[in-house]
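Here is what each chain is made of, one letter per residue.
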Amino acid sequence: MAFSADHWSFAFGVLGNIVSFIVFLSPLPTFYTIYKKKTAEGYQSIPYVVALFSSMLWIYYAFLKTNTTLLITINSFGVFIETIYVGFYLFYAPKKSRVQTIKMLLLFVVGGFGAIILVTQFLFKGAVRGQVVGWICLVFSLCVFVAPLGIVRKVIKTKSVEYMPLLLSVFLTLSAVMWFFYGLLLKDINIAAPNVLGFIFGILQMVLYVIYRKKEKAILKEQKLPEIQKPAMVVVDENTNNKKFPELTQEQIIDIVRLGLMVCSEKVHVASCPHGTTCEAKVENTSKEQTVDA
């Protein structure tokens, strides 16, 4: 039995829900760290406020369209989980950060979303209203997808992938693919178009991760290499049978032996083991000058 466009769109919508569900849960380790530290100092709330606003916008758009049930389900979960994140952040945030977060909530969630509803309800009607809200969602989604460019710039500047987790980049790319095909099969450009940009930036992040991850490993290997190749100079004292491992070069060992010839009347054994071999220099109790070869 052949699948119709509706069946395929439903399949991609379900997959998009699953992947987006995982993406929505990705900040949990961050909030677990905040819970353990009992403070949100050093963390920012704007990603969660923006995600909350974005989910509310898409729900509003989905109610103005048909066959967008799967868009409503995932964004309803988004509103629920992002509200918890913001509330958790407000509970542990310092006073200054708490005030800033409340201002952003008033700006985006109350002011921004409220203004969009009022304007579109009173100035536009029917299909035009859906188109206008769709354009707003499209523009805002493009802005959200462009946001990772700051992380990309930081990775290139620092040559480190510490601030760009690979797993999150993979899931964001998969999410963009699923929602692109969902919008394409529904012939809804407002859903499909932003995810093209999301897919491109997702691939870019993964490529940068692979490149700079290899460079990080090469740098670490070069830094450790001198320590590995550095020979270990072992000094053995026969009287006490103790071994010491000073940070000395072979030339310094030779100088020590020469100095010993001047003050010692007993035998001195010097062993150097850079490659597992043993070299000995014997000095006899005599008045003649001795020469030590290393």
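Rules of the game
Along each chain, residues carry numbers from 1 onward, in the same order as the chain's sequence is written. For this predicted model, a pLDDT threshold of at least 70 governs which residues receive local features, and a threshold of 80 or more governs which side-chain atom pairs are given and counted, while totals over whole chains, interfaces and linings are taken from all residues. With hydrogens and water excluded, all non-hydrogen atoms of the structure serve as input to the side-chain values. UniProt positions are given in the numbering used here, feature names are shortened, and annotations may be inferred rather than shown by experiment. Per the convention used, a helix needs a DSSP run of H or I reaching at least four residues, while a strand needs a run of E reaching at least two, with both numbered from the N terminus. Buried means the residue's accessible area, taken with a 1.4 Å probe over protein chains only, is under 20% of the maximum for its type, while exposed means over 50%, and partly exposed covers the values in between. All accessible areas in this document rest on Shrake-Rupley with a 1.4 Å probe, and a residue is counted as covered only by the protein chains that are shown. In predicted models, pLDDT denotes the confidence assigned by the predictor to each residue on a 0 to 100 scale. We call two residues in contact when some of their heavy atoms are within 4.5 Å. An axis is simply a line fitted to the C-alpha atoms; with a helix, the fit covers only the stretch in contact. Between two such axes, the angle follows the N-to-C directions and lies from 0 to 180 degrees. Roughly parallel refers to an angle under 35 degrees, roughly antiparallel to one over 145, roughly perpendicular to one between 65 and 115, and oblique to any angle outside these ranges. Side-chain classes follow a simple rule in which Ala, Val, Leu, Ile, Met, Phe, Trp, Tyr, Cys and Pro form the nonpolar group, Asp, Glu, Lys and Arg form the charged group, and the remainder, Gly included, forms the polar group. Buried Ala, Val, Leu, Ile, Met, Phe, Trp, Tyr and Cys residues form a nonpolar core when they are joined through side-chain atoms within 4.5 Å. Geometry of aromatic contacts follows a simple scheme: Phe, Tyr and Trp rings, the Trp one being its six-membered ring, pair when their centres are within 6.5 Å, and the pair is stacked under 30 degrees between planes, edge-to-face over 60, tilted otherwise.

- Per an unreviewed UniProt entry, the protein chain carries the name Bidirectional sugar transporter SWEET and comes from Anisodus acutangulus.
- Quoted verbatim from the Function (unreviewed entry) field of the UniProt record, the comment on the protein chain reads "Mediates both low-affinity uptake and efflux of sugar across the membrane."
- Reading the Sequence similarities (unreviewed entry) entry of the UniProt record for the protein chain gives the comment "Belongs to the SWEET sugar transporter family."

1. As for the overall build of the protein chain
Item 1. Regarding its fold elements, the protein chain presents 10 helices and three strands.
Item 2. Listed by position from the N terminus, the elements making up the protein chain come as α-α-α-α-α-α-α-α-α-β-β-α-β.
Item 3. Relative to its full complement of 294 residues, the protein chain shows a buried share of 34%.
Item 4. Surface summary for the protein chain: the accessible area is close to 19100 Å², and the carbon and sulfur share equals 66%.

2. What about the confidence of the model for the protein chain?
Item 1. Looking at the protein chain as a whole, the pLDDT averages 79, with 72% of positions reaching at least 70.
Item 2. Ignoring residues within four places in sequence, the model shows residues 265–294, a span with pLDDT below 50, making 34 contacts including any to other chains.

3. What to know about the environment of V110
Item 1. Tracing the chain through its elements places V110 in helix α5 (residues 95–123).
Item 2. Its relative accessible area of 53% is what places V110 among the exposed residues.
Item 3. Taking the C-alpha atoms as reference points, V110 and F53, 57 residues apart in sequence, are found 9.4 Å from one another.
Item 4. The residues contacting V110, other than those within four sequence positions of it, are L105 and A115.

4. So, the environment of I18
Item 1. Here I18 is to be found in helix α1 (residues 5–25).
Item 2. We classify I18 as partly exposed; its relative accessible area is 46%.

5. Topic: the environment of N67
Item 1. You can see N67 is positioned in the loop between α3 (46–64) and α4 (69–92).
Item 2. C-alpha separation for the pair N67 and L186, spaced 119 residues apart in sequence, amounts to 8.2 Å.
Item 3. Once residues within four sequence positions are removed from consideration, N67 is found in contact with Y182 and L186.

6. Points about the packing of α1 against α4
Between two packed helices, what matters for the description is the angle formed by their axes and the separation of those axes.
Item 1. Where α1 meets α4, the closest approach of the two axes is 9 Å, and the angle between their N-to-C directions is 5°. As judged from the angle between their axes, α1 and α4 are roughly parallel. In contact with F10, G13, V14, N17, S20, F21, F24 and L25 of α1, α4 contributes L70, T73, I74, F77, G78, I81, E82 and Y85.
Item 2. For the contact of α1 with α4, a count of residues per class yields 10 nonpolar, five polar and one charged.

7. Structural notes on the nonpolar core
Item 1. The biggest cluster of nonpolar side chains holds 38 residues, and the ones touching the most others in it are L57, Y61, L71 and L105.
Item 2. Those elements that place two or more of their residues in this core are α1, α2 (28–37), α3, α4, α5, α6 (126–146) and α8 (166–185).
Item 3. It is α3 that provides the largest number of residues to this core, a total of 11 residues.
Item 4. Excluding residues within four positions of it along the chain, L57 makes contact with F113, I116, I136, C137 and F140.
Item 5. Listed in part, the seven residues of the second largest apolar core include V152, V155, V161 and M164.

8. Observations concerning the packing of aromatic side chains
Item 1. One pass over the full model with this rule turns up 17 aromatic pairs.
Item 2. A ring pair is formed by W8 and F12, whose centres lie 6.4 Å apart and whose planes are at 35°; its orientation type is tilted. Note that W8 and F12 are positioned in helix α1 at a spacing of four residues, about one turn of the helix.
Item 3. A relative accessible area of 42% means that W8 is categorised as partly exposed.

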